[in-house]
Amino acid sequence: MSLDQKPVPAQPSARSGGTSGDDDHDSASGTTDGAAVNGTTDDAPLDSAWDIRQAGPWTHRDLAANGARFHIAELGEGPLVLLVHGWPEYWWAWRHQLTALAAAGYRAVALDLRGIGGSDRTPRGYDPGNLALDITGVIRSLGENRAHLVGHASGGTLAWVAAVMRPSVIQSLTVVSAAHPRDLRRALLTDRRQMAAFDHVLGFQRPWIPERRLVADDAALVGRYLDDWTGRNQLDRATVAAYRRAIRIPSTAHCSIEPYRWLLRSMARPDGIQFARRMKKPITAPTLHVQGAADPVLLSHTALGGGEYVAAPYRWRLMPGIGHFPHEEAPEQFTAELLDWIGRHKD
């Protein structure tokens, strides 16, 4: 159910977390003792580092789902298409697709994941099962029984999980720059090339230090990641600056890397092993799998093979010269693929 029944006009506002990301970290549970719960400040200047509600044709509002509050940007009417960002982005990553989907007759909704952007920063709940329930809970809170789900990178991983956990809710699945969780797990255990490509994730495993490095010098490290991870079509400087500002919202650096801490620390734990077993279940949603051939983070050979887990129509698309962000590096090409796919699976 929406927390604000009257949509908020599209205008910038400030959102912040509570404490900084330097709290004591519980390495066994992947949670933080005393981690911040999101608060709000509505009178910050428009150039504030906490501004994530960029103005546009879309509407900003908040929804309650799975015990937390989530910020969304929404545009258009028709079948629901829910767009889930990856790291280090937030809803703004889908600005091109929001307008294109709405023009094509869809209700396009871009979500801020738990702990990021304008959504709540909760003390815990960053394991993939709970984050996937956030996504399906948002679909229900939007008043829909089903949705076309689109996820990029870590959001793509959660899209795979949501399709396994709540198959009746997912009408079609589009996964971008994200291997099936079982393929990713296998690669991180056996493939030295993929391990090296995930060196930033290995660095996230230390307590305190990664959060401090991410926000230092106005999040300069995040800017370097974005530049290094794109292909021939670099992101424009304004977009990079927006992501650098967003990661500096208090607690965002910490909350946004908690899923990566769970990913590696759970591999030998019962919860991680149980999760990997659960992900053997076939996916029944028609699945479009998009991968940049020049992606230096999620290597194309790691992503290849996701169709093994899909008991439905499956399409693999490899985009030459494109890096980790196909939806931003080649928005027209990516959006054409997306519209064609969901158009084939409206019913």
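Bear in mind the structure is a predicted one, so any value in this text is a computation, not a measurement.

## A closer look at the pairing of strand β6 (residues 68-75)
- The buried fraction of β6 amounts to eight of the eight residues, a majority that puts the element mostly inside the structure.
- Side-chain alternation along β6 places Ala68, Phe70, Ile72 and Glu74 on one buried face and Arg69, His71, Ala73 and Leu75 on a second face that is also buried.
- One ladder, built from seven bridges, connects strand β5 (residues 59-65) with β6; its direction is antiparallel. By the bridge assignment for β6, His60 is matched with Ala73.
- In this antiparallel pair of consecutive strands, β5 and β6, the connection spans two residues, and Asn66 shows a positive phi of 50°.
- Bridging between β6 and strand β8 (residues 107-111) involves four bridges; their strand directions are antiparallel. Within the sheet, the bridge partner assigned to Leu75 lies in β8 and is Ala108.

## Examining the pattern of salt bridges
- Under the defined criterion, the tally for this structure stands at 18 salt bridges.
- Asp120 is paired through a salt bridge with Arg69; the nearest N and O atoms lie 3.3 Å apart. Here Asp120, found in the loop between β8 and α2 (128-141), pairs with Arg69, found in strand β6; they are 51 residues apart in sequence, far enough to count as distant.
- A relative accessible area of 13% means that Asp120 is categorised as buried.
- Look at Arg69 and you get buried, because its relative accessible area is 11%.
- Among the charged side chains, a salt-bridge network with shared partners connects Arg315, Arg317, Glu337, Asp340 and Arg344.

Definitions and limits used
- Residue positions are given per chain, counted from 1 along the sequence in the order it is written.
- This being a predicted model, a pLDDT of at least 70 is required before a residue's local features are given, and a value of 80 or more before pairs of side-chain atoms are given or counted; all residues contribute to the totals for chains, interfaces and linings.
- Excluding hydrogens and water, the side-chain figures rest on all heavy atoms present in the structure.
- Think of it in three bands: residues with accessible area under 20% of the maximum for their type are buried, residues over 50% are exposed, and the middle band is partly exposed, with areas taken using a 1.4 Å probe on protein chains only.
- Helix and strand labels come from DSSP, where a helix needs a run of H or I of at least four residues and a strand needs a run of E of at least two; each type is numbered from the N terminus.
- Any two strands with at least two DSSP-identified bridges between them are counted as paired.
- A pair is scored as a salt bridge if a Lys or Arg side-chain nitrogen falls within 4 Å of a carboxyl oxygen belonging to Asp or Glu.

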